[in-house]
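A structural walkthrough
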Amino acid sequence: MNILGIESSCDETAAAVVSGGRSGPPRVRSSVVASQVAMHRPYGGVVPEIASREHIRFVTSVVERALRGAKIPLKRVDAVAATAGPGLPGSLLVGLTAGKALAWLAEKPFIAVNHIEAHIWAAFLDRPSLRPPLLALVASGGHTELVLMRRLASFEVIGRTRDDAAGEAYDKVAKLLGLGYPGGPAIERAARTARREVRLPVARMKDGSMDFSFSGLKTAVANARGPEGGPGKLAAGFQRAVIGALVAGAERALGQTGARTLVLAGGVAANAALRGAMAELARKRGAVLVAPPIDLCTDNAAMIACAGWFMAREGTRMPLSTPAAPGWNTGARPAAEGAAA
Ligand code: KG4
Ligand code: ZN
């Protein structure tokens, strides 16, 4: 089965082809990502209008390159999967519409994919032997969730951020410290070279829940910015606090669920210090950590195609009227035809 995946939920236009026999799992045949980072950098963040226009500019060539790279013509594609949400409405519409048009043209099933669930599916590309039950920590620019997958394709959110996402906190703090955009890699670099560190508070939920909170940390960084508070020291303190909170949440979730497999997913999972801390946690708890390579953690379409592959195997197909779902919750059913976006 060959699946074409398309991703355009935020600021990367991406297309990929995955292939695999029915016993699976699939493997990546091609994966093309056109990043818009340079376009948004002058504004210090993603400008939705620019993002939509850039997706329109690149989507056709990105899909063509993915098909050519996989040496699979459209007529040999068995289903087309595209991100329907969550994400920026105008951005989502571009990839979603392209995916529907290609599915219609090829007379093949169309599958709408949830972007956050797809971040978790990426782990199956990295570790073919991966099986549920597993606990996933998804930390991206818009989401920070602890997700329990008891059975294949079942997603139960057992913890989430109550305010900012971890990636959002990285981006806002980087802006505050004048470290530029995107914030994650900039803070990671500054923290790595810092010789000292400002201690910052880690927000812990007192009610035993597995939720997170990162907005207080952003305020703490703003307040700690004195004349001698160089960006490196604050970046290092911020990063330690974020990672401390993520590890504490994951540890609590491992304890409460009894899961023995921990998946690290989403753009923030590209962070080397977080990967190290999670590896340490897994070792301590006797769990197995699956942290896919960085290009499978940050936004890509291989994860969308992989999600599509697992759904296509179950015979899933969705109507071409499936709307974009900017607020699509992890684990919820896709929005139905005619529902408001
Ligand atoms: O999953 P992703 O690529 O896009 C969304 O779905 O949002 O995640 C993007 C987020 C951004 O907030 C970015 O700053 C963060 O991931 N990020 C990182 C690193 N690389 C990307 N955060 C911390 N350390 C990194 N190395
Ligand atoms: Zn993402």
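Up top you'll find the structure we're talking about.
Residues numbered from 1 in each chain as written. Chains lettered and ligands numbered in written order. Predicted model: local features only at pLDDT ≥ 70, side-chain atom pairs only at ≥ 80, totals over all residues. Heavy atoms only, no water.

As for the overall build of the protein chain
- For the protein chain, the helix and strand inventory stands at 11 helices and 10 strands.
- Relative to the 2.2 N^0.38 estimate, which gives 20 Å for 341 residues, the radius of gyration of the protein chain is 20 Å and therefore close to what a compact globule would have.
- Dimensions of the protein chain along its principal axes, counting C-alpha atoms only, are 60 × 45 × 35 Å.
- Burial analysis of the protein chain (341 residues in total) assigns 54% to the buried set.
- For the protein chain, contacts bridging at least 24 residues in sequence account for 73% of all contacts bridging at least 6.
- Accessible surface, the protein chain as shown: approximately 14700 Å² in total, 53% of it carbon and sulfur. (Helix = DSSP H or I, 4+ residues; strand = E, 2+ residues; numbered from the N terminus. Rg over C-alpha atoms; globule rule 2.2 N^0.38 Å. Buried < 20%, exposed > 50% of the residue type's maximum accessible area, 1.4 Å probe, protein only. Contact = heavy atoms within 4.5 Å. Areas by Shrake-Rupley, 256 points an atom, 1.4 Å probe, with all protein chains shown as cover.)

A look at the coordination of the zinc ion (ligand 2)
- For the zinc ion (ligand 2), the full set of protein donor atoms is His115 (NE2), His119 (NE2) and Asp299 (OD), and the range of their distances to it is 2.0 to 2.1 Å.
- The sequence pattern describing where the donors of the zinc ion (ligand 2) fall on their chain is H-x3-H-x179-D. Of this pair, histidine 115 and histidine 119 both sit in helix H4 (residues 115–126), 4 residues apart, which is roughly one turn of that helix. (Donors = N, O, S within 2.8 Å, 3.2 Å for Na, K, Ca; no water.)

Things to note about the nonpolar core
- Within the largest apolar cluster, 69 residues are counted, with the highest numbers of intra-cluster contacts made by Leu4 and Ile6.
- Among the elements that make up this core, the one with the highest residue count is helix H11 (residues 302–313) (10 residues).
- With sequence-adjacent residues up to four places away left out, leucine 4 is seen in contact with Ala16, Val17, Val63, Leu67, Leu74, Val77, Ala79, Val80, Ala81, Leu102 and Ala305.
- Core analysis: the next-biggest nonpolar cluster, separate from the first, contains 48 residues, Ala166, Ile187, Val242 and Ala259 among them. (Core = buried A, V, L, I, M, F, W, Y, C linked by side-chain atoms within 4.5 Å.)

A closer look at the site of ligand 1
- The environment of ligand 1 is made up of 18 residues, and the closest members are Gly141, Asp171, Glu188, Asn271 and Asp299.
- Within the contact set of ligand 1, an oxygen atom lies 2.7 Å away from a side-chain nitrogen or oxygen of aspartate 171.
- Contributions of two or more residues to the shell around ligand 1 are made by H4, helix H5 (166–176) and helix H6 (183–193).
- Grouping the amino acids of the shell around ligand 1 by side-chain chemistry returns 4 nonpolar, 11 polar and 3 charged. (Near = heavy atom within 4 Å. Polar contact = N/O pair within 3.5 Å; in protein donor to acceptor, adjacent residues only side chain to side chain. Nonpolar A, V, L, I, M, F, W, Y, C, P; charged D, E, K, R; others polar.)

Here we look at H6
- For H6, the set of buried residues is Gly183, Gly184, Ala186, Ile187, Glu188, Ala190 and Ala191.
- Of the surrounding secondary structure, the elements contacted by the buried residues of H6 are H5, helix H8 (231–257) and helix H9 (272–285).

Some thoughts on the sheet that holds strand S6 (residues 134–139)
- Strand order in the open sheet formed by 5 strands is S8-S7-S6-S9-S10, and the pairing between neighbours is mixed. At either end of the open sheet lies a strand with only one pairing partner, and these are strand S8 (156–160) and strand S10 (288–290). Sheet twist, expressed as the mean angle between neighbouring strand axes with direction ignored, is 25 degrees.
- Here 4 bridges tie S6 to strand S9 (residues 261–265), and the two strands are oriented parallel to one another. Bridging from a neighbouring strand, alanine 136 pairs with valine 263 of S9. (Pairing = 2+ DSSP bridges. Axes fitted to C-alpha atoms, helices over the stretch in contact; angles between N-to-C directions.)

What to know about the pairing of S6
- S6 sits mainly inside the fold: 6 of its 6 residues count as buried.
- Relative to strand S7 (residues 144–149), S6 runs antiparallel, the two being bridged by 6 bridges. Across the sheet, the residue bridging to valine 138 is glutamate 145, located in S7.

The values reported here are purely geometric and, on their own, carry no functional implication.
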